[in-house]
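The chain contents come next:
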Amino acid sequence: MYYQVRKAKIQRGAALIVSLLILTVMTLIGVTAMSQSGLETLMAGNLQLQTSAMAGAENALSQSEKDVNRIVSDTTGFDFDDNTDGFYRFDRNNPIDPVTLIQSGSGFETLAGNTPPERYIIEYLGPRAVPGESIVIGRETPRVGSEIHLFRNTALSFNNDSGSRRLVQSLFITGEAP
């Protein structure tokens, strides 16, 4: 009996090299995906803090507008010359800079029950005559030439954790003097 003995082929390791390259590429893709998801988590957390700060500022602005209504409906009158309570009278020669007040932390009315992440100031801009013509939208829409009273409300909210701050302003109009 004769057996044919085959010679073993010399293997060069091409399959090993190709599989190592594929494994390296897949590892790089996995590491990149993990770092990307970590970054997205940080971004989502930051957006949540910014949204929270904005909601707080809007809440403070709403509270300041309620205070304007309270001031206007108060029959005893209101003193805007006491600048320690967050209520100011507009002065062209010495305008108020809300940013400076924010940085100093004084002069803002703090919402009840809050340590100062939500603050607001109310600035009385004085009476103005209604210019031009206006469309009557309701029963209390001012007529041309009638007098309105302007208030500029500035509200601030910030997060101590991230340092995100939101400052919002509104002009509030009333038909009655404070």
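The structure reproduced in this document is the subject of the present report. All values derive from a computational prediction rather than experimental measurement.

1. A closer look at the environment of A57
Here A57 shows up in helix α1 (residues 14-73). By relative accessible area, which is 0% here, A57 ends up buried. For the pair A57 and P117, spaced 60 residues apart in sequence, the C-alpha to C-alpha distance is 8.9 Å.

2. A look at the packing of aromatic side chains
Enumeration according to the criterion identifies one aromatic pair in this entry. Relative to F151, the ring of Y124 has its centre 5.0 Å away and its plane inclined at 45°; by these criteria the two rings are tilted. Of the two residues, Y124 sits in strand β3 (residues 118-129) while F151 sits in strand β4 (residues 147-158), which places them 27 residues apart along the sequence.

3. Some words on the environment of I121
Mapped onto the fold, I121 is located in strand β3. Overall, I121 belongs to the buried group, its relative accessible area being 0%.

4. A few points about the nonpolar core
Among the nonpolar cores identified, the biggest contains 14 residues, and V68, Y120, I122, F151, A155 and V168 are the most heavily contacted of them. Elements represented by at least two residues in this core include exactly α1, β3, β4 and β5 (165-174). With six residues, α1 is the largest single contributor of residues to this core. The residues contacting V68, other than those within four sequence positions of it, are I122, F151, N153, F172 and T174.

5. Brief notes about the pairing of β4
Of all 12 residues that make up β4, 10 are buried, and the element is covered over most of its length. Two strands pair when backbone bridges link them, and β4 and β5 are joined in this way by 10 bridges, in the antiparallel orientation. In the sheet register, H149 faces β5, and the bridge partner there is T174.

Thresholds, definitions, all that
Residues numbered from 1 in each chain as written. Predicted model: local features only at pLDDT ≥ 70, side-chain atom pairs only at ≥ 80, totals over all residues. Heavy atoms only, no water. Helix = DSSP H or I, 4+ residues; strand = E, 2+ residues; numbered from the N terminus. Buried < 20%, exposed > 50% of the residue type's maximum accessible area, 1.4 Å probe, protein only. Phe/Tyr/Trp six-rings, centres within 6.5 Å; stacked < 30°, edge-to-face > 60°. Core = buried A, V, L, I, M, F, W, Y, C linked by side-chain atoms within 4.5 Å. Contact = heavy atoms within 4.5 Å. Pairing = 2+ DSSP bridges.

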